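Spelled out, the chains give:
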Amino acid sequence: ILDALPDMLTVFDHDANIIELASSPATNHVEGISPNNITTTNVKDILPKEAYESVRKNMDKVILTGESSTARHDLMLDGVLHHYENRIFPLDKEYLLCMCRDISQQWEAEQTNAQQQKELKAARIKAEESDRLKSAFLANMSHEIRTPLNAIVGFSKLITYATSAEEKNQYSEIIERNSEMLLNLFNDILDLASLEADSLK
């Protein structure tokens, strides 16, 4: 049964003195410990300061509330950082039961998921900003295109009613000038579209 346990089970008193240990070698979360050499020692003596403080804080919460509580701590074993989850239960008025499990794989999956979510959020913000800029650009282009186009259409109609050569020449110059403006606008739009297409490749 012990060999199949995914958790390291420890019973300790409210002062963090270890009374009993039930675990297989695979679940021992402190290097070199065994049921023979860990009992009668204190949790503070076998854990690094930060890890102990996390466990101690969790213990105090259970003692205060009388309900189980879960916390996490890290340990460096053989040069590799491991992440653990300790769930502590009240046994009676004097003792606590701690179930400690190595959650390194779960922690890495959570970190990967958090990074992916961060990247997705950044991509969404970038896409929304791109859409906003495109909308502003199209609104501006719509106005810029209509101005010369209206002039071309309007003066094209007026030229048919012109009564003198001078008047026709004036209308023709206006049409030609606005045609050039419109052509330049279209060239600018096509250049921008080409640049954007290249950036997406």
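This is a predicted model, so every value here is computed, not measured.

**Let's talk about helix 4 (residues 104-159)**
- Helix length check: helix 4 (56 residues) gives 81 Å between terminal C-alpha atoms against 82 Å at 1.5 Å per residue, within 8%.
- All of the buried residues in helix 4 are S104, M141, I145, P148, A151 and I152.

**Thoughts on unusual backbone geometry**
- Notably, A16 is not glycine yet its phi reads approximately 75°, a positive angle.
- Along the chain, A16 falls in the loop between strand 1 (8-13) and strand 2 (18-22).

**Structural notes on the packing of aromatic side chains**
- The final tally for this structure, using the stated rule, is one aromatic pair.
- A ring pair is formed by F155 and Y171, whose centres lie 5.5 Å apart and whose planes are at 50°; its orientation type is tilted. Residue F155 is located in helix 4, and its partner Y171 is located in helix 5 (residues 165-200); the two are separated by 16 residues in the primary sequence.

**Digging into the side chain of S69**
- Relative to the elements of secondary structure, S69 occurs in strand 3 (residues 69-77).
- A distance of 2.5 Å separates a polar atom in the side chain of S69 from a polar atom in the side chain of N58.
- Apart from residues lying up to four places away in sequence, S69 is in contact with N58, K61, V62, N86, R87 and I88.

**Quick look at the side chain of N178**
- Relative to the helices and strands, N178 resides in helix 5.
- Overall, N178 belongs to the buried group, its relative accessible area being 9%.

**Regarding the nonpolar core**
- Grouped together as the largest cluster of nonpolar side chains are 19 residues, with contacts concentrated most on F12, V43, L47, V55, M59, I88 and L96.
- Sorting the residues of this core by element identifies strand 1, strand 2, helix 3 (49-65), strand 3, strand 4 (80-90) and strand 5 (95-102) as the ones contributing at least two each.
- With five residues, the top contributor of residues to this core is helix 3.
- Leaving out residues up to four positions away in the same chain, I88 has contacts with F12, V55, N58, M59, V62, S68, S69, L96, L97 and C98.
- With six residues, the next largest nonpolar core counts I145, I152, L182 and L185 among its residues.

**Remarks on the pattern of salt bridges**
- All chains considered together, the criterion is met by four salt bridges.
- Residue R124 pairs with E128 through a salt bridge whose shortest N-O separation is 3.2 Å. Remark: E128 and R124 occur in helix 4; sequence separation between them is four residues, near one turn of the helix.
- Using a relative accessible area of 43% as the deciding quantity, one classes R124 as partly exposed.
- Look at E128 and you get partly exposed, because its relative accessible area is 43%.
- The partner of E129 in a salt bridge is R132, with the nearest N and O atoms 2.7 Å apart. Taken together, the residues span about one helical turn, with E129 and R132 both in helix 4 at a distance of three residues.
- For E129, a relative accessible area of 35% gives the class partly exposed.

What counts and what doesn't
Residues numbered from 1 in each chain as written. Predicted model: local features only at pLDDT ≥ 70, side-chain atom pairs only at ≥ 80, totals over all residues. Heavy atoms only, no water. Helix = DSSP H or I, 4+ residues; strand = E, 2+ residues; numbered from the N terminus. Expected span 1.5 Å × (residues − 1). Buried < 20%, exposed > 50% of the residue type's maximum accessible area, 1.4 Å probe, protein only. Phe/Tyr/Trp six-rings, centres within 6.5 Å; stacked < 30°, edge-to-face > 60°. Polar contact = N/O pair within 3.5 Å; in protein donor to acceptor, adjacent residues only side chain to side chain. Contact = heavy atoms within 4.5 Å. Core = buried A, V, L, I, M, F, W, Y, C linked by side-chain atoms within 4.5 Å. Salt bridge = Lys/Arg side-chain N within 4 Å of Asp/Glu carboxyl O.

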